[in-house]
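Examination of the molecular architecture
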Amino acid sequence: MSQTQRSDNGTDQRLLPLVGLVAVSAAIVAVASILDIIANPLNSISDLTTVLALISTIMISAIVQAPIRIRSTTQAITWNDTAIVIGVAVAPTSWVVLCTGIGLAIAVRILHLPSIKAIFTISKNMLVAAAAGTTLMLLGWVWPPVELQHMLAPLAVAYAVAALVDEAIAIPVIALASRTKIRRQFTNHGDLRFIGYAVHFVVTLLTLTLLRAETWLLVAVPPLVLSLHLAYSTRVRARAERQAWQHLAHTTDALNVVDINAVLHTAVARAADLFSADEVEVELQTIGRSVRGNSEAVTYDGFASQPSPVTGSVIPIALKGYDGSDVGLLRLRFHGPVKLSEREQYTLRTFASALCTAVRNASAYAELNRAAEEHAHAASHDALTGLANRRQLLDRGAEQLGQRRADGVMALLLIDLNHFKEINDTLGHTAGDRVLIQVADRLRAAVQGDDLVARLGGDEFAVLFRGLPAPAVAAHRAEALLAALQEPIDLDGMRISVEASGGIAVAPGGGGITELLRRADVAMYQAKRTGRRIATYAIARDTADLGRLALGGDLPRAVAEREFTVNFQPIVDLGTGEVVAAEALARWRHPARGTIDPLRFLEAVERSGLLPAFAEAVLDQSLIAAGNWREAGFDLPVAVNVSPRSLLDARFPGAVLARLRAHDLPPDRLILELTETLTLSQLEVVDQVLGQLRDAGIRLALDDFGTGYSSLSMLSRIPVHELKIDRTFVTAMETSTEAIAVIRSTVDLGRSLDLLVVAEGVESEPQRRALWELGCVAGQGHLFARPMPAARLLAALHQGAGGRPGTLAPALHDEGAVVRLSPGRRSGPRRVDRLPHLPA
């Protein structure tokens, strides 16, 4: 069984080297055969008849074919091998080689094969003839054989060699011409080829048996061969059609997907395999999209038309819907001319119909999915700004609270634009909408990755902070967001300044996202009432707290009966462990409710009109304690927190100085701690008060530094001596680089301004050492002592740490390694040794 090719794709340059090698080898064999014939010429009419018979038989065997198309190349199964093996069995090999060349030359002329394929067909079969003849010669073949049983084995070996040489030469060339893998060509229709070789061998054996017995019996061979050829060809076509229908069924099943990309990519790959095409293109005219590729990969997928690299024949078929509308176009491309059979044309129409249905279904699904996504987006986003809306904020917040991740704190910032109604009333709602859009864009650009920005309605926005290292970091994030709104907005040449107030609420232990939103709302309105930019929720300022309202009624009695007491927490030199000051912390010893924290009652005190009496009671107790410590040999300043409302009272400096004189204490023994939540508008009012206090020698400290809005603005206006780092940064510094950065910047700022920096909430030795390495020289916290009555603190000072009175902790370094922090110094101690640096 011989395999030839038919294709009009010209002299493919890639085939030339391989075909040339086969042709040269065949030429060498032909020259050797000619030399052998010259040495042993024909010497009878019988020899001439044999030669003519061989030429005719080989020519006819080449013309009778069973074609199989592979892409633009047709693989033809012929009877050449049978004729060649019969020839080398009855005649000299040199005769058969030349007769093969002559007979096939006539056949390719009749079949009109291109030159390169004609040369390859002739050369390959001449090599097959030489291989089969040489094999018989080596096996000692003699015609006719003496015994019939001696004919089977040599013929089988010779036929096997002929088949192997045929396959080895033909299949690589066919694979290269059809652009398919050689391995695939070897396995494609392998069972049919094996059966064909077996049938051809039987015909060969039968023919030679008849020639050995009676020559006239050869008359029965052509009908037998023709019948076998027709049966074999029918079997090959039936197999091909059955496989084609099965392949079509699998292909249409594969198109039943709802993703349009999967439909198009599957169609390209399956169609290339189904129709043995070099390239398949699906063009959707409705969207202008084109997808091209072959059975191995998609080579192009885009909306701009580009020329195909496959030049040759193109078989197009329209994709039409059930209503006759144009959906697109399917194109099969081949490197050479191809004409589809009737069965292939029907298969193509069926495939095109299935593809059209799949495209329509996928497009409909995509449209439904797009509409569902639009509805879902509209339900969870603000139509004007594109931000998340209240619903999404509540859903995401509830989900976050439900998960309660261990990698950080969650907080909510509520932002309200001040005087936005004036913009709407003056410039119109269109201008107001443009302002809201720009505010939304700025907030969206300023938030970090995990934060969610939402518009709740009107001029109210919210930001959900997630994964915060500490609650105080929320204030810094809020500062950055409100700072992003400070730049004026340009509306048609008019620059409009946008002012905003913000309220922060940290995720509560209970109550859910609704309660968190309510608390942020309380804090925001607290910021508006006090003129601040940002306020953090405190339960003491929550007007919804009925218990706090009840406490307000008890305040007059508490002031009259001296229920307010003061505990003291020592402030310690971090290097030496020496106590350098003490902070006064007010407590309410309520007869029914027990000890009450100032956050629960301070705002009620400020609003009740009892603030001066309360402040005087706390100040008196603090100065008495400082006087007692001084008499005992411990000259420690005492730090007292001052309400911003007290600084609005012009009589406050005189009252403070009067109490100092009453207790015979110098002014520098008193430190007044100011909250950083003072606003610039309030600073203008309190400038004179603060100036009088500082001029009198009283020290000023800025409490909770880093948690307010205008830290640098505050320092430029308030003549303070100390900065106090909020405890939340100290707590988070071991795990948060952001907290370390805040502490480092505060310490550097204090050093540059010659201010003492005190860290609050120091609770472990690693925190103490880390703060010292950062340059912070003083701190307070549970590591040294909890708040305690004045007498107990005096006892602790007498006892000391390690036999050193006046200390509450061992020194970090040997005596003399650091300079002692004097209570009266305005700046921290300077180190004289070289300490290791804390890693950034």
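Right above here is the structure, for reference.
Below is a short write-up of the structure. (Residues numbered from 1 in each chain as written. Predicted model: local features only at pLDDT ≥ 70, side-chain atom pairs only at ≥ 80, totals over all residues. Heavy atoms only, no water.)

1. Section: the pattern of salt bridges
This model, assessed by the stated rule, comprises 26 salt bridges. Notably, a salt bridge pairs R669 with D635, separated by 3.6 Å at the nearest N-O pair. Of this pair, R669 sits in the loop between α21 (652-662) and β20 (670-675) while D635 is found in the loop between α19 (611-631) and β19 (638-642), placing the two residues 34 residues apart along the sequence. D635 gets classed as partly exposed once you look at its relative accessible area, which sits at 35%. The closest approach of N and O atoms between E765 and R768, which form a salt bridge, is 3.3 Å. Of this pair, E765 and R768 both sit in helix α26 (residues 765-774), 3 residues apart, which is roughly one turn of the helix. Of the residues examined, E765 reaches a relative accessible area of 34% and is grouped as partly exposed. Of the residues examined, R768 reaches a relative accessible area of 0% and is grouped as buried. Each of E279, E281, E283, R292, R331 and R333 takes part in salt bridges that share partners, so that together they form one network. (Salt bridge = Lys/Arg side-chain N within 4 Å of Asp/Glu carboxyl O. Helix = DSSP H or I, 4+ residues; strand = E, 2+ residues; numbered from the N terminus. Buried < 20%, exposed > 50% of the residue type's maximum accessible area, 1.4 Å probe, protein only.)

2. Observations regarding the packing of aromatic side chains
All told, the structure shown has 5 aromatic pairs when counted by the stated rule. Between the aromatic rings of Y159 and F201, the centroid separation amounts to 5.8 Å while the plane-to-plane angle is 70°, which identifies the pairing as edge-to-face. Of the two residues, Y159 sits in helix α6 (residues 152-178) while F201 sits in helix α8 (residues 190-213), which places them 42 residues apart along the sequence. Here Y159 and F201 have matching classes, each one buried. Consider the rings of F568 and W629, whose centres lie 5.1 Å apart with planes at 80°: the pair is edge-to-face. Residue F568 is located in strand β16 (residues 564-573), and its partner W629 is located in helix α19; the two are separated by 61 residues in the primary sequence. Classification of W629 by relative accessible area gives buried; the value is 0%. (Phe/Tyr/Trp six-rings, centres within 6.5 Å; stacked < 30°, edge-to-face > 60°.)

Everything listed here is a matter of geometry and, on its own, says nothing about what the molecule does.
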